[in-house]
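Residue strings, one per chain:
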Amino acid sequence: MTNSIDEIRDSELMFVIGSNTTEAHPIIAMEMKRARQRGAKLIVADPRKIWLAEMADLHLQLKPGTDVWLLSAMAHVIISEGLHDRDFIEANTEGFDAMAEKVAEYTPEKAEEITGVPAGDIRIAARLYATTKHAGIYYTLGITEHTHGTDNVYCLANLVLMTGHLGVRSAGMNPLRGQNNVQGANDAGATPIFYPGYQPVTDSKVREKFENAWGVGLSPDNGLNLNVMMKEMAAGKLKAVYVMGEDIVISEPNVTKVEVGLNQCEFVVCQEIFHNETTRFADVILPGACFAEKDGVFTNSDRRVQRVRKSVNPPGEAREDWKILCDVARSAGYPMPDYENAGEVFSEYASLTPKIAGISHQRLEENVSGLQWPCPDESHPGTPTLHVDGPMIGRAPFQVVDYRPSAELPDNEYPLVLSTGRTLYHYNSATQTRRDAGPVAKQRSNFIEMHRSDARKLDLKHGESVRVLSRRGEVEAEVWVSPRMRPGCIWMPMHFAESRANLLTNDAGDQVTGTGEYKVCAVRVEKLSNR
Amino acid sequence: MNYPNQKRVETFSIEINGRSCRAISGETVVDVARREGIEIPTLCHDTRLEPAGACRVCLVEVEGQRRLQPGCAWKVYPDMKVTTESGRIEKHRTILYSMYMADHQLDESGLPVETGNGNQLRELCKTIDPLPLEPVNAPRAGRPDDVNPYIEFNPDLCILCARCTRYCDEVEAVNAITLSNRGGETTIATAGNRGLLDTTCELCGGCIATCPTGALIEKKAPENLVTLQTEVTRSTCNFCGVGCQLDLHTHNDRVVKITSPEPGETVNDGNLCVKGRFAYDFIHHEDRITTPLVRGTDGELHPASWEQALTAVANGLKSVKDKYGADSLGFISSSRCTGEENYLMQKLSRAVFGTNNVHQCAAT
């Protein structure tokens, strides 16, 4: 997020796209509800009539995967009506003309045909967004989990830049992070192209710094992203995997292929707190610790580094994961330093990472609400809002984006579009939440949401069992006839190991990030008769 | 366009108990007093909610006003003069607290009972010499048949301040609970008196957190929570990316309750969702993996010592690397784990095994 969570309550306008905030980020949604009740405008763009859409001024119920059309048409309206911020563009950006020429093709009328959103609504949304000062964009995986996810993000960035909604309180561009430490994992360098703090592995100066710090030579080549790793594993080229804290056989797209890959692997290590679908393939399982049993930091969506503190001991022989990783390194013959505690690990990490150089466990003891990076030195108070003095580096480039359809579109054989996601009551592979009474009482087993017109065509009643099939697999689930859906679209949560949504999903990945297309694949629904 | 969120702000001074205090337009007497360290008792007040002035505990004298006024709802204006302690206010509090006590469950000492979630009324009543009033025992109905696993309502401890129903309306905005009936029968109810699972309730438990008297409590917490010696550890929630701060209450090496820090202190402003507040049974679940496991020649996983398991991991990865090269290895780190652990995982991948094939689970 360029801005902070507590700024949301003072918004004048919130543009929420591809985020079912009340279910995926309930506490951020509370801030949005608070802003709404104080009079802020709310525009929601989502194929489903989600909870927030009910309280929105405008709900743009687009067809899944048509975001580039919707957002480019909004840009078209803003520029053709002269609502863009010329001073900001002049001072801070580059490439405006090329982008403007491109979006000139995206008229609201043509966008209506593609997205299903009335041209008038697109115009109203564009005008409201462009003419309101404290207007923030909030998005999450509904934007990124597409083969054109990066294009979607570029389109949003274009809107932010052309209206100058950057470096302003309660505005900006705000991806809401799906997991407790997505931000922190990326920051710490758990990415194939960056060392900690987004320092490129291909930059020889950076590499030299890390070689000196770690005392070994390092690979100059970019690694494989997770999506490609899974495919290389299935192709028999990746021969061993070490999986910490993820159930890849539930969470990755097209999991049949992942299972094929794991079967072919010569060596699989899992570091886990529960047995899950992936540990079935493990050669060694290392028992780790959950958040309550260890020290460290999580970094949340608004770049806020906050402490995790040990309150109880791990069960049995289980150990803190940071200690396990050090022990593995030592067993492999690497002289990992004898860190006394997690704080010392953090100090080493911070000493190599300018963005967080001013943060330490000790400072976090004094700052109860955490510290937001960039925080380059110990006297720096942290940065709640980014880009207050313009872009951090040079000029911000506008991006020219061409619409590309999703990788797999519905046809006669598989006539429905499936999107998947998270519900309020469960969490991802649900090894934690399915062990608690409340989530289970609310959602015991897998379901699909379906519009009543589609249900009628298939002669389905609410609560009936169905089989959902895609080109990659099939699962059984209950039908929930839901007024939230668009006709032609169904939705399924990803939480249920015995009925895995990711047997169906498409593993086609975004060209830049490799993120799988969880939000669009073609499926067919069949009634399970005589049950 | 006129946006109510971006009001013009004026500062001026007011006088509280003869002391000059800086105040901002739109603030209430309680807002200013709290900032200045002047204690005004409240029960129905919550900074996240619109002032209700319901409990009458915060009544103060405002110069020019014939009656006492509720400090939590009374907006400041330039040069106003407020008195928060006087014989008149003391008399009012004695009568008010005594009336609350007449309609409240009391313990052997004659004070409002203590609960696992505290009871602020009990603390207030300790400050007065209560009047000998007849017990009222108003016939408020509870929901004894509500099978929801988390939230319990004890009508005998309810003072009808409506913090819970206002929270449900104004903050969580699901309107699952409401004030119902009239007069002595007024109670906190759901539509049709249904169990919470059959309402719009999302089980966030915010009603429990905001209740000042412990009339709403966690069903999950141990029954003897009142007397249990617990330690509290501040930490960060392990579910979504909001980064809510939690207080983990532990006893005997077990988490027995999770609460939020006070409103205003942290990013979650006193709020939590159903997962953050209640979904902690997994921590001590019997299914936890408690020992390293190594697959034997029989194809089954067998318990092993840490030394055996670590050697197996190192040898397994090294032999694949020797055979096929470093880039035949893949390291999948976790956005569920800490920053330090992610740092160490990429260091393991890069420095120990020589490959940049490291990514984290949220990448796809």
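Here the structure is a predicted model, which means the values were calculated and not measured.

### Some thoughts on the domain arrangement of chain B
- By the assigned domains, chain B splits into domain 1 (10-85), domain 2 (151-284) and domain 3 (293-363).
- A straight line from the C-alpha centre of domain 1 of chain B to that of domain 3 of chain B covers 61 Å.

### A word on the nonpolar core
All names here are of chain A.
- Counting 261 residues, the largest nonpolar core has Leu-52, Leu-70, Met-74, Leu-156, Leu-159 and Ile-490 as its most contacted members.
- For this core, the element with the highest residue contribution is helix α4 (residues 67-80), accounting for 10 residues.
- Among residues more than four places away in sequence, those in contact with Leu-159 are Leu-71, Met-74, Ala-75, Tyr-129 and Ile-137.

### Some thoughts on the packing of helix α16 (residues 321-331) of chain A against helix α7 (residues 306-324) of chain B
- Taken N-terminus to C-terminus, the directions of α16(A) and α7(B) make an angle of 60 degrees; their axes are 8 Å apart at the nearest point. Taken together, the axes of α16(A) and α7(B) are oblique relative to one another. Both α16(A) and α7(B) take part in a crossing whose hand is right-handed. Contacts from A:Asp327, A:Val328 and A:Ser331 of α16(A) reach α7(B) at B:Leu310, B:Thr311, B:Val313 and B:Ala314.

### A look at the sheet that holds strand β10 (residues 267-272) of chain A
- Strand order in the open sheet made by the seven strands is β14(B)-β13(B)-β11(A)-β10(A)-β9(A)-β15(B)-β16(B), with mixed pairing throughout. A strand with exactly one partner marks an edge of an open sheet, and here the two such strands are β14 (301-303) and β16 (358-360) of chain B. Taking each pair of neighbouring strands and ignoring which way they run, the sheet shows an average axis angle of 15 degrees.
- Packed onto the sheet, helix α8 (residues 339-352) of chain B meets β9 (240-244) of chain A together with β15 (329-333) and β16 of chain B and runs at close to 175 degrees relative to β15(B).

### Points about the domain arrangement of chain A
Residue and element names in this part refer to chain A.
- Splitting chain A by domain gives domain 1 (5-176), domain 2 (178-222 + 288-376), domain 3 (224-286) and domain 4 (416-527).
- Taking only C-alpha atoms, the centre of domain 2 and the centre of domain 3 are 23 Å apart.
- The partner domain 3 presents eight residues to the five residues of domain 2 that form the contact.
- Of the residues in the side of domain 2 that touches domain 3, the class split is three nonpolar, one polar and one charged.

### Things to note about the confidence of the model for chain B
- Per-residue pLDDT for chain B has a mean of 94; in total, 98% of the residues score no lower than 70.
- Two summary scores accompany this predicted model of the complex, namely pTM at 0.94 and ipTM at 0.95.

### Some points on the sheet that holds strand β19 (residues 474-481) of chain A
- A barrel is described by the order of its strands in space; here six strands give the closed sequence β16-β20-β17-β19-β18-β23 (chain A), paired in mixed fashion. Here the strands of the sheet are splayed against their neighbours by 45 degrees on average, with no regard to which way each runs.

### Focus on helix α7 (residues 108-115) of chain A
Residues and elements named next belong to chain A.
- For α7, the set of buried residues is Pro-108, Ala-111 and Thr-115. Taken around the axis of α7, the buried residues stretch over an arc of 50 degrees, which confines them to a single face. The exposed set on the far side of α7, more than 90 degrees from its buried face, consists of Glu-109 and Glu-113.
- Tucked inside the fold, the buried residues of α7 contact α4 and α8 (119-131).
- Gly-116 sits one or two positions beyond α7 and adopts a positive phi of about 80 degrees.

### Some remarks on the interface of chain B and chain A
- Chain B puts 104 residues into the contact, and the matching count from chain A is 129 residues.
- In terms of residues, the side of chain B that touches chain A owes the most to one element, α8(B), which gives 13 residues.
- For strand β11 (residues 284-287) of chain A and strand β13 (residues 293-295) of chain B, the ladder comprises two bridges, and the chain directions are antiparallel. Bridging across to β13(B), A:Val284 finds its partner in B:Val294.

What counts and what doesn't
- Residues numbered from 1 in each chain as written.
- Chains lettered and ligands numbered in written order.
- Predicted model: local features only at pLDDT ≥ 70, side-chain atom pairs only at ≥ 80, totals over all residues.
- Domains from an automatic or database assignment.
- Core = buried A, V, L, I, M, F, W, Y, C linked by C-beta atoms within 7 Å.
- Buried ≥ 20, exposed ≤ 12 C-beta atoms within 10 Å, placed from the backbone.
- Helix = DSSP H or I, 4+ residues; strand = E, 2+ residues; numbered from the N terminus.
- Contact = placed C-beta atoms within 7 Å.
- Axes fitted to C-alpha atoms, helices over the stretch in contact; angles between N-to-C directions.
- Parallel < 35°, antiparallel > 145°, perpendicular 65-115°, else oblique.
- Left-handed = near helix turned anticlockwise from the far one by under 90°.
- Pairing = 2+ DSSP bridges.
- Nonpolar A, V, L, I, M, F, W, Y, C, P; charged D, E, K, R; others polar.
- pLDDT = per-residue confidence, 0-100.
- Arc of directions from axis to C-beta.

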